[in-house]
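# Structural features, examined
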Amino acid sequence: MQIETLREFIAVVQYGSFTGAAKALYLSQPTLSKHIAAFEKQIGYKLFFDERPLILTEAGRIAMEYASSVVSQTETMQLRLEGLKHQKPELVRIQDLTFFEHLSLRSQDVKKAVRERYPNITFETVKCKTHQTSREALEAGTIDVGFQFNITESPFQPPVDMPGTVRMQPLYGSLGQFRLGVPKGSPLLAQDKRLRLKDFANQRFFIIANRNYDAFIHDFRSLCLREGFLPQIEFVTVSNNRDFWMRDYGDGVVFLDATQRTGFTSADDYLADKYKAVRPFGHEQTLYVVISLLTRNEKHGPALQSFLDIVRETEDANLERMKAEGLE
């Protein structure tokens, strides 16, 4: 069944005769009649009664309903494809954000804005291999956009970028203040003193088993070494973020970031009932969890460059807003 046959059938219905439809379609009446007869034979049903003017059979009415839909969708498809003919197709592979829901939501808005300008772009979500960090996946060509987590002492002093193949763009809109989540039944909280990082020397720390956190863990270990101990970190294999937070880790400590989204943590609000958020350096010093977008240090395609430009402009505005609000 060809789309032109459906168009011819619709024309016969609209004009109410083979003669009128044939004239409008620039076909001879015998040719049009032959096409419709072949259509009837193909579907196995008679489409018109032998009356003048033409009257649709019930099979004809059903065929008309679906023929109109098929032709309409085909024309819409052709119209959309027409908008792509002046652009080369571009594939952008973005690191899977299964564990980072708030980043996923933010990226959807950026993707939408890019698609309006570059409709021939395809965004593909890619999971990094188990043994790869985001940087390694970028350098291997597995992804085009990745993410990295760091702990910094100032939101205005983002992680130092390693020279070479990767560029970093701090995502200030996702900035959070670093906290340790201590179970409310932990003996640590029974002590009548303000907890400091060195008080956690003998504690177990739990984190999702994901190499995207390598830089974060490196920064945390460096902080602990400054206090004279090496932290005991246990990795938990889960399929999603919620599964991690729903597990019982006994007296184990988890990592939190107090963001402006909830005032407590980027995870669900129910965690406030389970954990006490502790500032490991008291009120004298605030640490920050900085998320950075990573790309290869190279010339990008126009759509990916547009994606990165929108992110940079948005984060520059976020940075200016933070400075105006006097954030430390």
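Worth saying up front: this structure is predicted, and the values here are computed from it rather than measured.

Take the overall build of the protein next. In terms of regular secondary structure, the protein is built from 10 helices and 10 strands. Each principal axis of the C-alpha distribution contributes one length, and for the protein these read about 100 × 45 × 40 Å. When the 328 residues of the protein are sorted by exposure, 46% land in the buried category. When contacts within the protein are restricted to residue pairs at least 6 apart in sequence, long-range pairs at least 24 apart make up 74% of them. Here the protein displays about 18300 Å² of accessible surface, and carbon together with sulfur accounts for 51% of that area. Seen as two clouds, the 41 positive and the 42 negative side-chain charges of the protein have centres 2 Å apart.

Here we take up the packing of aromatic side chains. In this structure the tally under the stated criterion is 17 aromatic pairs. Ring centres 6.5 Å apart and planes at 75° place the aromatic pair tyrosine 213 and phenylalanine 216 in the edge-to-face group. With a relative accessible area of 6%, phenylalanine 216 lands in the buried category. By the ring-pair criterion, three or more aromatic residues cluster together here, those being Phe149, Phe178, Phe200, Phe205, Tyr213, Phe216, Phe220 and Phe255.

The topology assignment puts threonine 5 in helix α1 (residues 3-15). If we ignore the near neighbours within four places in the chain, the residues touching threonine 5 are His35 and Phe39.

The domain architecture assigned to the protein consists of domain 1 (3-85) and domain 2 (174-289). Placing the centre of domain 1 and that of domain 2 at their C-alpha centroids yields a distance of 67 Å.

Where helix α2 (residues 18-25) meets helix α3 (residues 29-43), the closest approach of the two axes is 9 Å, and the angle between their N-to-C directions is 105°. On the basis of the axis angle, α2 is roughly perpendicular to α3. For the pair α2 and α3, the contacting residues are Phe18, Thr19, Ala21, Ala22 and Leu25 in the first and Gln29, Leu32, Ser33 and Ile36 in the second. Across the contact of α2 with α3, the residue classes break down as 6 nonpolar, 3 polar and no charged.

Before going further, it helps to spend a moment on α2. When we look at burial in α2, the residues that qualify are Phe18, Ala21 and Ala22. All buried residues of α2 lie within an arc of 100° about the axis, which places them on one face of the element. Residues of α2 that are exposed and point more than 90 degrees away from the buried face comprise Thr19 and Lys23. Those residues of α2 that are buried are in contact with α1 and α3. Of the residues that open α2, the one with a side-chain oxygen 3.0 Å from the backbone nitrogen of glycine 20 is serine 17. At the C-terminal side of α2, tyrosine 26 shows a positive phi close to 60°.

Counting 55 residues, the largest nonpolar core has Phe220 and Phe307 as the members making the most contacts within it. Contacts of phenylalanine 220, omitting those with residues within four sequence positions, involve Ile151, Phe178, Leu180, Leu197, Phe205, Pro231, Ile233 and Phe255. Residues Phe39, Phe48, Ala63 and Met64 belong to the second largest nonpolar core, which totals 19 residues.

What follows is about the pairing of strand β3 (residues 146-152). For β3, a buried count of 7 out of 7 residues is recorded, marking the element as mostly surrounded by other parts of the structure. On β3, burial covers both faces: Gly146, Gln148, Asn150 and Thr152 on one face and Phe147, Phe149 and Ile151 on the other are all buried.

Below, the discussion takes up the packing of α1 against α3. Running from N to C, α1 and α3 cross one another at 110°; their axes reach a closest spacing of 10 Å. If you check the angle between α1 and α3, you find them roughly perpendicular. Contact residues: α1 offers Thr5, Leu6, Glu8, Phe9 and Val12, while α3 offers Leu32, His35, Ile36 and Phe39. Class assignment for the residues of the contact of α1 with α3 results in 6 nonpolar, 2 polar and 1 charged.

For residues other than glycine, phi is negative in most cases, and the peptide bonds are mostly trans. A cis amide bond, omega 0°, links arginine 52 with the succeeding residue proline 53. Within the element layout of this structure, proline 53 appears in the loop between α3 and α4 (58-82). Of note, the phi angle at tyrosine 26 is positive, near 60°, even though the residue is not glycine. Its place among the elements puts tyrosine 26 in the loop between α2 and α3. Since its relative accessible area comes to 76%, tyrosine 26 is described here as exposed.

About the cut-offs
- Residues numbered from 1 in each chain as written.
- Predicted model: local features only at pLDDT ≥ 70, side-chain atom pairs only at ≥ 80, totals over all residues.
- Heavy atoms only, no water.
- Helix = DSSP H or I, 4+ residues; strand = E, 2+ residues; numbered from the N terminus.
- Buried < 20%, exposed > 50% of the residue type's maximum accessible area, 1.4 Å probe, protein only.
- Contact = heavy atoms within 4.5 Å.
- Areas by Shrake-Rupley, 256 points an atom, 1.4 Å probe, with all protein chains shown as cover.
- Lys, Arg positive; Asp, Glu negative; His and termini not counted.
- Charge placed at Lys NZ, Arg CZ, Asp CG, Glu CD.
- Phe/Tyr/Trp six-rings, centres within 6.5 Å; stacked < 30°, edge-to-face > 60°.
- Domains from an automatic or database assignment.
- Axes fitted to C-alpha atoms, helices over the stretch in contact; angles between N-to-C directions.
- Parallel < 35°, antiparallel > 145°, perpendicular 65-115°, else oblique.
- Nonpolar A, V, L, I, M, F, W, Y, C, P; charged D, E, K, R; others polar.
- Arc of directions from axis to C-beta.
- Polar contact = N/O pair within 3.5 Å; in protein donor to acceptor, adjacent residues only side chain to side chain.
- Core = buried A, V, L, I, M, F, W, Y, C linked by side-chain atoms within 4.5 Å.

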